[in-house]
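Listed below are the residues making up each chain.
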Amino acid sequence: MSQISSSSTSQSPSARKLCRCGGYIKTWTSWTDLNPGRRFEACEMSRRSRGNGHHWEWLDAMTCARGKELIPGLLRRMRAMEEDLKLIEEHKKEVEDKLKMVEREKKELEYKVGELGK
Ligand SMILES: [Zn+2]
């Protein structure tokens, strides 16, 4: 998971601008170490590679020194937590599957006990 930028959904479709290539220009947020949290406008094509005849423009001033220092570390911690969460979710699913199996076995045993009592 190394997402360079994320899309913003704040723009209404009617306010959308078009790039020279015909693609919609959207507002993105950069999450690179050099420009963490800095928003820019670009079409889908120029989102990852700046320019090449496509529209590409920063909306925010450069991220301040403290932000550059702080945000990448926070992002790394957030991503590590997301990875941990994924593992926990997988483990939870395994435990739930085991529980289902045990409950099925329990029902079978209860049925057998019932049969013996007849
Ligand atoms: Zn374009």
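These numbers were taken from a predicted model, which means no experiment stands behind them. (Residues numbered from 1 in each chain as written. Predicted model: local features only at pLDDT ≥ 70, side-chain atom pairs only at ≥ 80, totals over all residues.)

Draft legend 1. Inspection of the overall build of the protein at higher detail. When you go through the protein residue by residue, the secondary structure sums to one helix and five strands. Listing every helix and strand of the protein by position from the N terminus yields β-β-β-β-β-α. The proportion of buried residues among the 118 residues of the protein is 6%. Put simply, of all contacts in the protein between residues at least 6 apart along the chain, 37% involve residues at least 24 apart. (Helix = DSSP H or I, 4+ residues; strand = E, 2+ residues; numbered from the N terminus. Buried ≥ 20, exposed ≤ 12 C-beta atoms within 10 Å, placed from the backbone. Contact = placed C-beta atoms within 7 Å.)

Draft legend 2. Highlighting the pairing of strand S3 (residues 24-30). Two elements, strand S2 (residues 17-18) and S3, share two bridges in a ladder whose sense is antiparallel. Across the sheet, Lys 17 pairs through a bridge with Ile 25, a residue of S3. As consecutive antiparallel partners, S2 and S3 are separated by five residues, and within that stretch Gly 22 has a phi angle of approximately 95°, a positive value. Relative to strand S4 (residues 39-43), S3 runs antiparallel, the two sharing five bridges. The residue of S4 that forms the bridge with Thr 29 is Arg 39. (Pairing = 2+ DSSP bridges.)

Draft legend 3. Structural detail: the UniProt feature "coiled-coil region" (unreviewed entry) in the protein. According to UniProt, the positions carrying the feature "coiled-coil region" (unreviewed entry) are residues 78-112. End-to-end, the C-alpha atoms of residues 78-112 are 51 Å apart, and along that stretch the chain is 100% helix and 0% strand. (UniProt positions renumbered as here; feature names shortened; annotations may be inferred.)

Draft legend 4. Molecular detail of the environment of Cys 64. Positionally, Cys 64 belongs in the loop between strand S5 (56-58) and helix H1 (65-116). Taking the C-alpha atoms as reference points, Cys 64 and Asn 35, separated by 29 residues in sequence, lie 9.1 Å from one another.

Draft legend 5. Geometry of the environment of Cys 21. Looking at the secondary structure, you find Cys 21 in the loop between S2 and S3. Using a count of 14 C-beta atoms within 10 Å as the deciding quantity, one classes Cys 21 as partly exposed. Considering only alpha carbons, one finds Cys 21 and Glu 44, 23 residues apart in sequence, at a separation of 9.9 Å. Discounting residues that sit within four places of it in the chain, Cys 21 has contacts with Cys 43, Met 45 and His 54.

Draft legend 6. How the structure looks around the pairing of S4. Alignment of S4 against S5, held across three bridges, turns out to be antiparallel. Residue Phe 40 lies in a different strand from S5, and its bridge partner there is Trp 58.

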